[in-house]
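Now for the letters of each chain:
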Amino acid sequence: MRGEKMTNTEKMDAIVINAYGDENQLTEQQIDIPSIKNNDLLVKVQSIGVNPIDWKTRMGLRQSRYPFDFPIVLGQEMAGTVVKVGKEVSGFKVNDEVIGYGTPSNRGTYAQYYAINADQTAHKPENLSFEEAAGLGLAGTTAWEAIFDAGQLKADQTVLILAGSGGVGLMAIQLAKNAGAHVVTTTSSKNADYVKSLGADEVIDYNKDDFSTRLSNIDLVFDTLGGDNQKAAFKVVKPGGRLISIVETTDQAKALGNQYGVYFDKINAHPDKKIMAKLADMFGSGKLVVRVAENLPFTVENVRKMHLESESGHVVGKLVLNIN
């Protein structure tokens, strides 16, 4: 392997859980620096993106699908600097600054070092800070796969993005607008001007209006909320249109899809190097911005704080932790 010398017995600081539960399960722990396989990179982590999937894992909501052994290091999103390169990796070298969005595992990004497959990594543009880069991979890839791969959004179509001021929603607004779509989104009135500045053509204040009575003939709904909002969304999609969700589906979703003649799918986003490279290029050319809602040092107190903020559902942009 190429890069700085490390033995498998060297330790790193990480924030882990040793049991499922509330935010108090998050604790500091020294664990082994991960070894890497031939197709991997070892990245010295600079910034970490905190996402809803993290606290859902912490609470045990994903354990049936991902029965990880404890201790579990949470996190799938990060930006940092390559310190080791696997034997079969091409296109990356030591000291490259990278964006990474990794596969779910019990050795995630809440740590000083992160082992990641090179195919889940992209180069960080020079004009993108580590903090911004840590918020680009997961959110951007999720939005891309939902609205383009599953949603098949095309120019001149109309898309409704539920909760446009969240990390994924903000990416979806920009990507849809760049693709030439007419973009409608829901958010609170205090965020209306900001989402419009990113490309939203119409904004519906969910505190004052019911989008299901205001809209009709929508080509695509991108659902980041679930629950009653998901059920109501079927009413506004035109027959033959699509409703793509990234959250838990309601029991009625399949029946409602048949009732309204709407294609419905709940997707599980996955890392994709090509998408991340496109996102990085778009940022580099000024077509994308990453809004960092909060940027704090990497401590267990701050991780707990961000988990609670993420659980509230009212974060505008990305929550980012930084390792000094």
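Residues numbered from 1 in each chain as written. Predicted model: local features only at pLDDT ≥ 70, side-chain atom pairs only at ≥ 80, totals over all residues. Heavy atoms only, no water.

## Focus on the overall build of the protein
Step number 1: Scanning the protein from N- to C-terminus turns up 10 helices and 17 strands.
Step number 2: The C-alpha radius of gyration of the protein comes to 20 Å, within 12% of the 20 Å expected for a compact globule of 324 residues.
Step number 3: Each of the three principal axes of the protein carries a C-alpha extent, and together these read 60 × 40 × 35 Å.
Step number 4: Taking all 324 residues of the protein together, the buried fraction comes to 55%.
Step number 5: Counting only carbon and sulfur atoms, one obtains 45% of the accessible surface of the protein, whose full area is about 14100 Å².
Step number 6: Where the 34 positive side-chain charges of the protein centre and where its 39 negative ones centre are 3 Å apart. (Helix = DSSP H or I, 4+ residues; strand = E, 2+ residues; numbered from the N terminus. Rg over C-alpha atoms; globule rule 2.2 N^0.38 Å. Buried < 20%, exposed > 50% of the residue type's maximum accessible area, 1.4 Å probe, protein only. Areas by Shrake-Rupley, 256 points an atom, 1.4 Å probe, with all protein chains shown as cover. Lys, Arg positive; Asp, Glu negative; His and termini not counted. Charge placed at Lys NZ, Arg CZ, Asp CG, Glu CD.)

## Remarks on the pairing of strand 15 (residues 263–266)
Step number 1: Where strand 14 (residues 237–245) and strand 15 come together, four bridges link them in parallel fashion. Within strand 15, the position partnered with Arg 242 by the bridge is Tyr 263.
Step number 2: For the crossover that starts at strand 14, traverses helix 8 (residues 253–260) and ends in the parallel strand 15, the hand is right-handed. (Pairing = 2+ DSSP bridges. Right-handed = clockwise from strand over helix to strand, strands pointing away.)

## Looking at the packing of helix 3 (residues 137–150) against helix 4 (residues 167–178)
Step number 1: In the contact formed by helix 3 and helix 4, the axes pass within 8 Å of each other and the chain directions differ by 55°. Viewed along their axes, helix 3 and helix 4 adopt a mutual orientation that is oblique. Note that helix 3 runs across helix 4; the crossing there is right-handed. Seen from helix 3, the contacting residues are Ala 139, Gly 140, Thr 142, Ala 143, Trp 144, Ile 147 and Phe 148; seen from helix 4, they are Gly 167, Val 168, Met 171, Ala 172, Leu 175 and Ala 176.
Step number 2: Taken together, the residues of the contact of helix 3 with helix 4 break down into 10 nonpolar, three polar and no charged. (Axes fitted to C-alpha atoms, helices over the stretch in contact; angles between N-to-C directions. Parallel < 35°, antiparallel > 145°, perpendicular 65-115°, else oblique. Left-handed = near helix turned anticlockwise from the far one by under 90°. Contact = heavy atoms within 4.5 Å. Nonpolar A, V, L, I, M, F, W, Y, C, P; charged D, E, K, R; others polar.)

## Topic: the pattern of salt bridges
Step number 1: Taken as a whole and judged by the stated rule, the model has 12 salt bridges.
Step number 2: Between Glu 311 and Arg 58 there is a salt bridge, and its shortest N-O distance comes to 3.1 Å. Highlighted residues: Glu 311 in helix 10 (residues 300–312) and Arg 58 in helix 1 (residues 52–58), separated in sequence by 253 residues.
Step number 3: Its relative accessible area of 2% is what places Arg 58 among the buried residues.
Step number 4: Between Lys 305 and Glu 309 there is a salt bridge whose closest N-O contact spans 2.6 Å. (Salt bridge = Lys/Arg side-chain N within 4 Å of Asp/Glu carboxyl O.)

## Considerations on the layout of surface pockets
Step number 1: What the largest pocket holds in volume is close to 1400 Å³.
Step number 2: Residue lining of the largest pocket: 50 residues in total, with Pro 52, Lys 56, Thr 224, Ile 246 and Val 247 positioned closest to the centre.
Step number 3: Top contributing element to the lining of the largest pocket by residue count: helix 1, with four residues.
Step number 4: A volume near 310 Å³ is recorded for the second largest pocket.
Step number 5: Lining the second largest pocket are 16 residues, with Lys 37, Asp 40, Ala 115, Ile 116 and Asn 117 sitting closest to its centre.
Step number 6: A per-class count over the lining of the second largest pocket returns six nonpolar, seven polar and three charged. (1 Å grid on protein atoms, 1.4 Å probe; cavity = no way out; pocket = protein on both sides within 12 Å on 5 of 7 lines; lining within 4 Å. Points joined across faces, edges and corners; volume = space filled by probe spheres on them.)

## Some words on the packing of helix 3 against helix 9 (residues 273–284)
In a pair of packed helices, the angle between the axes and the distance between the axes together describe the arrangement.
Step number 1: Packing of helix 3 against helix 9 leaves a shortest axis separation of 10 Å and a crossing angle of 105°. In terms of orientation, helix 3 and helix 9 fall into the roughly perpendicular class. Taking contact as the criterion, the partners of Gly 137, Gly 140, Thr 141, Trp 144, Glu 145 and Asp 149 in helix 3 are, on helix 9, Ile 275, Met 276, Lys 278, Leu 279 and Met 282.

## Points about the sheet that holds strand 11 (residues 182–187)
Step number 1: Strand order across the open sheet formed by six strands is 12-11-10-13-14-15, with parallel pairing between neighbours. Two strands bound the open sheet, and with one partner strand each, they are strand 12 (202–205) and strand 15. If you compare each strand with its neighbour and ignore which way they point, the axes differ by 15° on average.

## Quick look at the sheet that holds strand 5 (residues 72–73)
The strands making up a sheet associate through backbone hydrogen bonding, with each pair oriented either parallel or antiparallel.
Step number 1: With respect to topology, three strands assemble into an open sheet ordered 3-2-5, the strand pairing being antiparallel. At either end of the open sheet lies a strand with only one pairing partner, and these are strand 3 (26–32) and strand 5.
Step number 2: Of the pairings in the sheet, the one linking strand 2 (residues 11–17) to strand 5 comprises two bridges and is antiparallel in character. Opposite Ile 17, over in strand 5, you have Ile 72 as the bridge partner.
Step number 3: In this fold helix 10 packs onto strand 2 and strand 3, with an angle of close to 125° to the strand it touches most, strand 3.

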